[in-house]
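Given next are the chains, with one letter for each unit.
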Amino acid sequence: MLRDLKPTDNVGGFDVRPGNFLLNGATTVSGGVNFTIHSVYAVECTLLLFRPYAKIPYARLRFPDSYKIGNTYSMLVFGLDEIDFEYAYSFDGPYEPEKGIIFDKKKYILDPYAKAVIGQSGWGKKQEHEGVYKARVVNSDYDWGNCTQPKLPFEELVIYEMHVRGFTQDGSSGVKNKGTFAGIREKIPYLKELGINAVEMMPIFEFDEMGSYRNYDGRQLYDYWGYNTVCFFAPNTSYESDHEHHHEGRELKQLVRELHENGIEVILDVVFNHTAEGNEMGPYFSFKGIDNNIYYMLTPDGKYYNFSGCGNVLNCNQPIVQQFILDCLRYWVTEYRIDGFRFDLASILGRNEDGTPMDKPPLLKSLAFDPILGGVKLIAEAWDAGGLYQVGCFPSWNRWAEWNGRYRDDLRRFLKGDSHLAWDAAQRITGSRDLYDPTYRGYNASVNFLTCHDGFTLYDMYSYNEKHNLENGWNNTDGANDNNSWNCGAEGDTNDYNINKLRIKMVKNAFATLMCSQGPALFLAGDEFCNTQFGNNNAYCQDNIISWLDWTRKEKHKDVFEFFKYMIAFRKRFHIITDSRGKATCSYPPVSIHSNVAWSAKYYDDTRMIGVMYAGASLKQQGLDEFVYFGVNAYWDYVNVELPDLPEGYHWKLYVNTGNEPQDVILEDRNVILYDKRINMAGRKILIIRTISLFKKTAPTRKCVGASCFYRFRIVNVLLCCQHKFKFVTLEYIFNAHCKTSLSLPFLYCGYIII
């Protein structure tokens, strides 16, 4: 044991001995600190010790040759107190840039396994020495006790994508600790009220928001999103409200703990496709100074490949890099109890060392089968900036899910009324089985989304035809041009009542579609109250109200917020939407696709109405079935729709009609019973209809005649739709429980009900 070891040497005035070569990074042990790092091509490694915030090291401890096994350097330094020092490394070795080997012993090198990076806790503060980062030893003494994780079925997730700072930074958030992990803790009651059961945090690994700082037209622009990672094992300390040294990460752990206690899982957006070191012109502070030609994917002449669009590409399937990534993910799962990871530009993780795509990438396979990661959700952004697009064919081993970019693109186009898309839209809503065969991909492969950080907000999707990114400083050339959006008749803000009313209806249509689609669902924080980025679809550099959530809109768009709450709850209540593996007791399939004609999925080029029906056995009432019908008319005019027939004893009840006035969109408590299956459905609207079973209601009277038992049921305050007229009545219905036939029906209908 390390605690029993005694010094064997003295280096630079410090008692030392060979350390624990398997203990990566800097770790406090009995009597001192263990330092371990490795390099294949270095010929010399030196540990640099600094006084807190000092610019020049007070000690340089060169690793003796006997302190190296293989390519790993390890040294236990006795008498060090973690609060008294910061550290970095210096490596010496050959300089052969044509081979990608570029050692420079004058550079201070950040430990890739560092648990905290100094000088990063103050957001927007520029360091005196750009590109120089030092590490601090972290006391890992947080006690998780017997805390459990929610371990929710993947298909039931409703994922809320948020930026830690932007979620609460605006004063309208009403929190004490704005823009921090603690600020999110203050908002947990809000998240519970909304009903989401997973948060996906945009990058929280240590990054330097000042790395690409610039001033454009008087506006300060930062690396706000945080996709340029400085250190993979350290949380971003500027997201902490309590900057207690050597306990970095404690505030994040407390947040994760409280989210779990409230049934909310935590997913991290991680970036293993590139780093903040950039290309040949970028900073030099970590991997470049350790083993540049191992950690980065290089061309034959030693230049950086750029499949990430950010200057460099991590060489993910090189065994050393593969092990580093695995170590990192294991650390976050065990030390922070993270439930899942979304991998940015994940197709890069499947490229070989020469940049070619691999059939069975060893990294992806190792993550899929690693025992520590066994219950962790793995989500791939299945494309990269080098043109590789793998949506539907990402190597999975039945473990990897994907951000379904086809879902976003097809549904955005269909919902705004584009033609030739009915069949595609129906496939996306029902789990994209044309892309993800359940036999090989299971039922969780498609993470459905219409909005995320990258692109328009949901409100902006129906307020702008074009991107408005001038404030990013690139003359509106950055950001995607294929937004598949529609401004509903005016670009941006307008006082036109009808346009604004249509926009809100389109927002509700989109979210209802997402909640009634099979597969995990994800949406962007703030969509629930129509947050806007004012048409900016690439707000990566905007640390201001463009990117921050404006919580005043929650009151302004209260009806939208209430609709989001209702639809999330609706999805949770009716398991047949998320789980199509259970069979109904009747002969109906778990999922069926319809056009405006029931049981017909014959779509034409101009078809803009689709219906999806989910059917399955009730989990609450044995012997009964549940049915949910989701109908969307993306056409701008009325369409005659025929609802599917139901088994005897079941009738359709209208739950949602987005074409109504805001106070009449949610109709569950109105008891609108549709006895006629023919509907004249207005344009640009969604209907959600669920069955009621009259024989599952209370039966105040029962009469037995021979072997047959007859039940009489009474349902009060039912809104009947008959020949375009509406009235509240009390229904009585007699049902023969023995032969399952109806003895009487209260009404007969003809013609279409106008809804």
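Located above this text is the structure these notes cover.
Before going into details, it helps to say that this report is about the structure given with it. (Residues numbered from 1 in each chain as written. Predicted model: local features only at pLDDT ≥ 70, side-chain atom pairs only at ≥ 80, totals over all residues. Heavy atoms only, no water.)

1. Some points on the overall build of the protein chain
Okay, so step 1: Assigned secondary structure in the protein chain consists of 14 helices and 36 strands.
Okay, so step 2: Relative to the 2.2 N^0.38 estimate, which gives 27 Å for 755 residues, the radius of gyration of the protein chain is 30 Å and therefore close to what a compact globule would have.
Okay, so step 3: Dimensions of the protein chain along its principal axes, counting C-alpha atoms only, are 100 × 60 × 50 Å.
Okay, so step 4: Counting over 755 residues, the protein chain shows a buried share of 60%.
Okay, so step 5: Put simply, of all contacts in the protein chain between residues at least 6 apart along the chain, 71% involve residues at least 24 apart. (Helix = DSSP H or I, 4+ residues; strand = E, 2+ residues; numbered from the N terminus. Rg over C-alpha atoms; globule rule 2.2 N^0.38 Å. Buried < 20%, exposed > 50% of the residue type's maximum accessible area, 1.4 Å probe, protein only. Contact = heavy atoms within 4.5 Å.)

2. As for helix H14 (residues 558-573)
Okay, so step 1: Taking 1.5 Å of rise per residue, 16 residues should cover 22 Å, and H14 covers 22 Å from first to last C-alpha, within 8% of that figure.
Okay, so step 2: Burial in H14 covers these residues: Val560, Phe561, Phe563, Phe564, Lys565, Tyr566, Met567, Ile568, Phe570 and Arg571. (Expected span 1.5 Å × (residues − 1).)

3. Observations regarding the side chain of His38
Okay, so step 1: Examined against the element boundaries, His38 turns out to sit in strand S4 (residues 32-38).
Okay, so step 2: Look at His38 and you get buried, because its relative accessible area is 18%.
Okay, so step 3: Leaving out residues up to four positions away in the same chain, His38 has contacts with Asn24, Asn71, Thr72, Tyr73, Tyr113, Ile290, Tyr295 and Ile320.

4. Here we look at the sheet that holds strand S18 (residues 265-270)
Okay, so step 1: On the basis of which strands lie adjacent, the closed barrel formed by eight strands has the order S12-S13-S18-S19-S20-S21-S22-S23 and parallel pairing. Taking the axes of each pair of neighbouring strands and ignoring which way they run, one obtains an average angle of 25° across the sheet. (Pairing = 2+ DSSP bridges. Axes fitted to C-alpha atoms, helices over the stretch in contact; angles between N-to-C directions.)

5. A closer look at the packing of aromatic side chains
Okay, so step 1: Counted under the stated rule, the structure contains 62 aromatic pairs.
Okay, so step 2: Plain terms: the ring middles of Phe570 and Phe574 are 4.7 Å apart, the flat faces sit at 65° to each other, and that makes the pair edge-to-face.
Okay, so step 3: The class for Phe570 is buried, based on a relative accessible area of 0%.
Okay, so step 4: The positively charged end of Lys187 is found above the aromatic ring belonging to Trp551, 3.8 Å away from the centroid. (Phe/Tyr/Trp six-rings, centres within 6.5 Å; stacked < 30°, edge-to-face > 60°. Lys NZ or Arg CZ within 6 Å of the ring centre and 35° of its normal.)

6. Regarding the pairing of strand S17 (residues 229-235)
Okay, so step 1: Of all seven residues in S17, seven are buried; the element is thus mostly enclosed.
Okay, so step 2: With three bridges connecting them, strand S14 (residues 205-207) and S17 associate as antiparallel partners. Residue pairing across strands places Phe205 opposite Pro235, the latter belonging to S17.

7. With respect to the environment of Gly263
Okay, so step 1: The topology assignment puts Gly263 in the loop between helix H4 (250-261) and S18.
Okay, so step 2: A relative accessible area of 30% means that Gly263 is categorised as partly exposed.
Okay, so step 3: Considering only alpha carbons, one finds Gly263 and Leu157, 106 residues apart in sequence, at a separation of 11 Å.
Okay, so step 4: Other than its neighbours up to four places away in sequence, Gly263 contacts Pro150, Leu152 and Asn197.

8. Points about the pattern of salt bridges
Okay, so step 1: One pass over the full model with this rule turns up 35 salt bridges.
Okay, so step 2: For the salt bridge of Arg257 with Glu261, the shortest nitrogen-to-oxygen distance reads 3.7 Å. Of the two residues, Arg257 and Glu261 are both situated in helix H4; the distance of four residues between them amounts to about one turn of the helix.
Okay, so step 3: One salt bridge in this structure joins Glu402 and Arg441, with 3.0 Å as the shortest N-O distance. A residue pair is termed long-range when its members are at least 10 positions apart, and Glu402 in strand S21 (residues 400-403) and Arg441 in helix H10 (residues 438-441) qualify at 39 residues. We note that Glu402, like Arg441, is buried.
Okay, so step 4: Here the residues in one salt-bridge network are Glu86, Lys134, Arg136 and Glu248, joined through shared partners. (Salt bridge = Lys/Arg side-chain N within 4 Å of Asp/Glu carboxyl O.)

9. Considerations on the nonpolar core
Okay, so step 1: One finds Phe35, Tyr87, Tyr160, Met201, Trp332, Phe343 and Met567 to be the most contacted residues of the largest nonpolar core, which totals 194 residues.
Okay, so step 2: Excluding residues within four positions of it along the chain, Trp332 makes contact with Ile204, Phe205, Phe232, Phe233, Ala234, Pro235, Leu252, Leu268, Arg337, Ile338 and Phe341.
Okay, so step 3: Grouped together as the second largest cluster of nonpolar side chains are 23 residues, Tyr588, Leu624, Val672 and Leu687 included. (Core = buried A, V, L, I, M, F, W, Y, C linked by side-chain atoms within 4.5 Å.)

10. Topic: unusual backbone geometry
Okay, so step 1: Positive phi, normally seen in glycine, also occurs at Cys530, with a value near 60°.
Okay, so step 2: If you trace the backbone, Cys530 turns up in the loop between strand S23 (521-524) and helix H13 (552-556).
Okay, so step 3: Positive phi outside glycine occurs at Trp599, with the angle close to 65°.
Okay, so step 4: You can see Trp599 is positioned in the loop between strand S24 (591-594) and strand S25 (609-617).
Okay, so step 5: Under the relative-accessibility criterion, Trp599 is labelled partly exposed at 40%.

11. Here's the deal with the packing of helix H5 (residues 287-295) against helix H6 (residues 319-336)
Okay, so step 1: For the pair H5 and H6, the least separation of the axes is 9 Å and the interaxial angle reads 120°. Between H5 and H6, the angle falls in the class oblique. Contact residues: Phe287, Ile294 and Tyr295 in H5; Ile320, Val321 and Phe324 in H6.
Okay, so step 2: Broken down by class, the residue content of the contact of H5 with H6 amounts to six nonpolar, no polar and no charged. (Parallel < 35°, antiparallel > 145°, perpendicular 65-115°, else oblique. Nonpolar A, V, L, I, M, F, W, Y, C, P; charged D, E, K, R; others polar.)

12. Concerning the side chain of Asp111
Okay, so step 1: Note on placement: Asp111 falls in the loop between strand S11 (101-102) and strand S12 (158-162).
Okay, so step 2: At 2.8 Å, the side chain of Asp111 forms a polar contact with the side chain of Tyr87.
Okay, so step 3: Once residues within four sequence positions are removed from consideration, Asp111 is found in contact with Gly25, Ala26, Ile37, Tyr87, Tyr89 and Cys231. (Polar contact = N/O pair within 3.5 Å; in protein donor to acceptor, adjacent residues only side chain to side chain.)

13. Quick look at the pairing of strand S2 (residues 14-18)
Okay, so step 1: With three bridges connecting them, strand S1 (residues 9-11) and S2 associate as antiparallel partners. Within the sheet, the bridge partner assigned to Asp9 lies in S2 and is Val16.
Okay, so step 2: As paired strands, S2 and strand S8 (residues 72-78) are joined by three bridges and run antiparallel to one another. Paired with Val16 across the strands is Val77, a residue of S8.

14. Some points on the environment of Thr229
Okay, so step 1: Within the secondary structure layout, Thr229 lies in strand S17.
Okay, so step 2: A C-alpha to C-alpha distance of 32 Å links Thr229 and Leu514, two positions 285 residues apart in sequence.

15. Let's talk about the sheet that holds strand S5 (residues 44-50)
Okay, so step 1: Read from one edge to the other, the open sheet built from three strands follows the order S6-S5-S9, with strand pairing classed as antiparallel. The sheet is open, and its two edges are formed by strand S6 (59-62) and strand S9 (86-92), each paired on a single side. Averaged over all pairs of adjacent strands, the angle between their axes in this sheet comes to 25°, without regard to strand direction.
Okay, so step 2: With four bridges joining them, S5 and S6 adopt antiparallel strand pairing. Paired with Thr46 across the strands is Arg62, a residue of S6.

16. Let's talk about the environment of Gln220
Okay, so step 1: Within the secondary structure, Gln220 sits in strand S16 (residues 219-221).
Okay, so step 2: Placed 324 residues apart in sequence, Gln220 and Asn544 show a C-alpha to C-alpha distance of 9.2 Å.
Okay, so step 3: Among all residues touching Gln220, those that are not within four sequence positions of it are Tyr213, Arg214, Asn215 and Cys541.
Okay, so step 4: A distance of 2.4 Å separates the side chain of Gln220 from the side chain of Tyr222, its partner in a polar contact.

17. Let's talk about the packing of helix H12 (residues 497-515) against H14
Okay, so step 1: Across the interface, H12 lies against H14 with an axial gap of 10 Å and an inter-helix angle of 15°. Considered as vectors, H12 and H14 are oriented roughly parallel to each other. H14 is crossed by H12, and the crossing has right-handed handedness. Taken together, the residues of H14 that come into contact with H12 (itself represented by Ile504, Val507, Lys508, Phe511, Ala512, Leu514 and Met515) are Asp559, Val560, Phe563, Phe564, Met567, Ile568 and Arg571.
Okay, so step 2: By residue class, the composition of the contact of H12 with H14 is eleven nonpolar, no polar and three charged. (Left-handed = near helix turned anticlockwise from the far one by under 90°.)

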